[in-house]
Amino acid sequence: MSDILKRLSDEGVSIWLDDISRERLRTGDLEELVKDRHVVGVTSNPTIFAKALSKGTAYDDQVRDLAVRGVDVEEASRAITTYDIRWGCDVLRPVYDRTGGVDGRVSIEVDPRLAGDTARTIAEARALWWLVDRPNLLIKIPATKEGLPAITAALAEGISVNVTLIFSLERYGEVIDAFFAGLEQARRNGHDLSRIASVASFFVSRVDTEIDKRLDKIGSDGAKRLRSKAGLANARLAYALYEEKSDTARWKALKDAGARPQRPLWASTGVKDPDLKDTLYVDELVAPGTVNTMPEATMMAVADHGQVRGDTVRGAYDDARAHMAALKEVGVDYDDVVRVLEEEGVEKFAVSWKELLDSITGELESKRAGT
């Protein structure tokens with residue numbers, strides 16, 4: 001079954017698991033996925049942590065100690081999440097060493113409530129980098145307007161960054177420029193550029209969900225024919241932009257100084273529409289030098305019946321441009337779509353973060369009552 005995943009890896013797609021939990025770490029499940037399923041990285045987000053904490057007893061001992069110490073919920077949340085991420089980094093360290101630091105990366109997100117505050121995002125990124133203290137860590141910073149200077153500042157200090165919640169091509173171009181600026185500053189600051197990593201997480205399925213909703217509202221036959229293709233078109237045009245930016249004198253100067261490329265990462269690759277093939281956002285986004293971060297269910301579906309047939313991105317640029325033009329023709333406002341998606345993305349993670357804090361608060365109070 002894992003041969004399909006190997007073929008995907010051989011095409012230049014790094015397979016990252018979009019999930020982490022204390023239970024997965026404690027049972028050795030993550031190690032097995034690395035060994036048997038070609039997993040070479042892990043991403044996390046507030047929703048994943050909230051879900052992990054709500055299940056089982058894996059966190060009980062640590063929460064009990066935190067309760068005895070009388071720590072507040074904010075400190076407890078950092079202690080719990082960074083413990084998992086540090087452990088995950090250690091599990092992936094052999095991959096990091098084997099790939100020369102290309103893969104073996106584990107991501108942790110800054111508090112999403114700070115997405116509109118540049119200074120606090122930078123401070124949180126520094127704190128998480130220091131708390132986890134592993135070279136294969138990535139700090140997730142959202143690609144909001146306020147996040148862009150935080151991305152540059154973190155990279156300038158030698159902090160590796162996973163830029164998250166990218167939906168628009170315009171914003172992606174700004175993210176790449178922020179990446180270049182950060183590396184240029186890092187070089188001036190005396191950092192070894194070869195030790196700084198970055199990925200740019202371009203969200204896929206959520207684009208289809210939002211645009212399909214608008215196409216259904218339009219209701220014409222022409223609109224219906226355009227359903228469930230925008231996510232792929234948008235992502236493919238993002239890769240075209242990545243190639244364009246990689247062919248500039250600015251990048252070549254950084255590359256000559258030892259910099260690694262900021263790889264495009266396909267996020268939100270679990271299919272939301274049950275009428276679509278469950279491996280769609282993997283099969284159709286195969287291109288060299290990319291990352292696909294998958295929920296476990298998607299990964300297992302790919303292992304079972306995915307179709308890896310070579311590069312499915314670079315030969316489809318013209319079709320992608322034509323599709324985006326057709327969406328505009330029927331009345332879909334792309335700029336409004338990506339604005340809504342960014343705002344909702346930040347809000348959803350903030351809600352999940354609050355759920356995580358509420359869950360931790362409940363656990364702390366329960367343990368204190370029992371002591």
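Preceding this section is the structure that the text describes.
Numbers given for residues are sequential positions, taken from 1 along each chain in its written order. It should be noted that, the model being predicted, local features are given only for residues of pLDDT at least 70 and side-chain atom pairs only at 80 or more, the latter also being counted only at that level, while totals for whole chains, interfaces and linings use all residues. Side-chain numbers here rest on the full set of heavy atoms in the structure, without hydrogens or water.

It is worth spelling out the overall build of the protein at this point. Helix and strand labels come from DSSP, where a helix needs a run of H or I of at least four residues and a strand needs a run of E of at least two; each type is numbered from the N terminus. Per the secondary structure count, the protein includes 17 helices and eight strands. Every radius of gyration here is taken over C-alpha atoms, with the globule rule written as 2.2 Å times N^0.38, N being the number of residues. In terms of overall size, the protein behaves like a compact globule, its C-alpha atoms giving a radius of gyration of 20 Å where 371 residues would be expected to give roughly 21 Å. Across its three principal axes, the protein shows a C-alpha extent of roughly 65 × 50 × 40 Å. Categorising residues by exposure relies on relative accessible area from a 1.4 Å probe, with only protein chains included: less than 20% of the type maximum marks a residue as buried, more than 50% marks it as exposed, and the intermediate range marks it as partly exposed. Burial statistics for the protein: of 371 residues in total, 56% are counted as buried. Contacts are assigned to residue pairs that have any heavy atoms within 4.5 Å of one another. A separation threshold of at least 6 residues defines the contact pool for the protein, and within that pool the share at least 24 residues apart is 80%. For the protein, the computed accessible surface area is about 15,600 Å², with 49% contributed by carbon and sulfur atoms. Residues counted as positive are Lys and Arg, residues counted as negative are Asp and Glu, and His and the chain ends are not counted. In plain terms, the charge of a residue is placed at NZ if it is Lys, CZ if Arg, CG if Asp and CD if Glu. Across the protein, the mean location of the 52 positive side-chain charges is 2 Å away from that of the 63 negative side-chain charges. Note that accessible areas follow from Shrake-Rupley with a 1.4 Å probe, and for residues the cover is restricted to the protein chains shown.

So, on to the environment of A181. For A181, the location among the structural elements is in helix α9 (residues 169-188). Overall, A181 belongs to the buried group, its relative accessible area being 19%. Taking C-alpha positions, A181 is 21 Å from G289, a pair spaced 108 residues apart along the chain. Ignoring anything within four residues of it in the chain, the contact list for A181 reads T152 and R250.

Moving on to the nonpolar core. Here, the term nonpolar core denotes a set of buried Ala, Val, Leu, Ile, Met, Phe, Trp, Tyr and Cys residues that are joined through side-chain atoms within 4.5 Å. Formed by 122 residues in total, the largest nonpolar core has its most connected members in I85, I139, I141 and Y172. Ignoring anything within four residues of it in the chain, the contact list for Y172 reads I166, A200, F202, A238, L241, Y242 and P264.

This next bit is on empty space enclosed by the protein. Here a cavity means grid points, on a 1 Å grid over the protein atoms only, where a 1.4 Å probe fits yet cannot get out; a pocket means an open set of points with protein on both sides within 12 Å along at least five of seven lines; lining residues are those with an atom within 4 Å of a point. Grid points are joined across faces, edges and corners, and a volume is the space filled by probe spheres set on the points. The full count for this structure, using the stated rule, is one cavity of 30 Å³ or more. Here the largest cavity is characterised by a volume of approximately 90 Å³. Surrounding the largest cavity, I176, F179, F180, Y242, K245, S246, W251, P261 and Q262 form its lining. Going through the elements one at a time, α9 and α12 (230-246) are the ones with two or more residues in the lining of the largest cavity. When the residues that make up the lining of the largest cavity are grouped by side-chain class, the tally is six nonpolar, two polar and one charged. Any residue outside Ala, Val, Leu, Ile, Met, Phe, Trp, Tyr, Cys, Pro, Asp, Glu, Lys and Arg is labelled polar, Gly included; the first ten of those are nonpolar and the last four are charged.

On to the packing of helix α5 (residues 60-69) against helix α6 (residues 73-98). Any two packed helices are characterised by the angle at which their axes cross and by the distance between the axes. Where α5 meets α6, the axes come as close as 11 Å, and the angle between the chain directions of the two elements is 150°. As far as their axial angle goes, α6 and α5 are roughly antiparallel. In this structure, α5 crosses over α6, and the sense of that crossing is right-handed. Each of Q62, V63, L66 and R69 in α5 lies in contact with α6, whose residues at this interface are E75, A76, A79, I80 and Y83. The residue makeup of the contact of α5 with α6, split by class, is six nonpolar, one polar and two charged. Axis definition: a line fitted to C-alpha atoms, limited for helices to the stretch in contact. Angles are taken between N-to-C directions and run from 0 to 180 degrees. Angular relationships are summarised with four words: roughly parallel below 35 degrees, roughly antiparallel beyond 145, roughly perpendicular across 65 to 115, and oblique for the angles in between. Each crossing is labelled by how the near helix is turned from the far one, with a counterclockwise turn of less than a right angle marking it left-handed and a clockwise turn marking it right-handed.

Looking now at the packing of aromatic side chains. Pairing of aromatic rings covers Phe, Tyr and Trp, the last counted by its six-membered ring, and requires centre-to-centre distances within 6.5 Å; plane angles under 30 degrees mean stacked, over 60 mean edge-to-face, and any other angle means tilted. Evaluation of the coordinates by the stated rule reveals seven aromatic pairs. Aromatic pair F180 and W251: ring centres 5.8 Å apart, planes at 20°, arrangement stacked. Of this pair, F180 sits in helix α9 while W251 sits in helix α13 (residues 249-256), and the two are 71 residues apart along the sequence. Using a relative accessible area of 4% as the deciding quantity, one classes F180 as buried. Judged by relative accessible area, which is 7%, W251 ranks as buried. Taken together, the ring pairs in this structure connect F179, F180 and W251 into an aromatic cluster.

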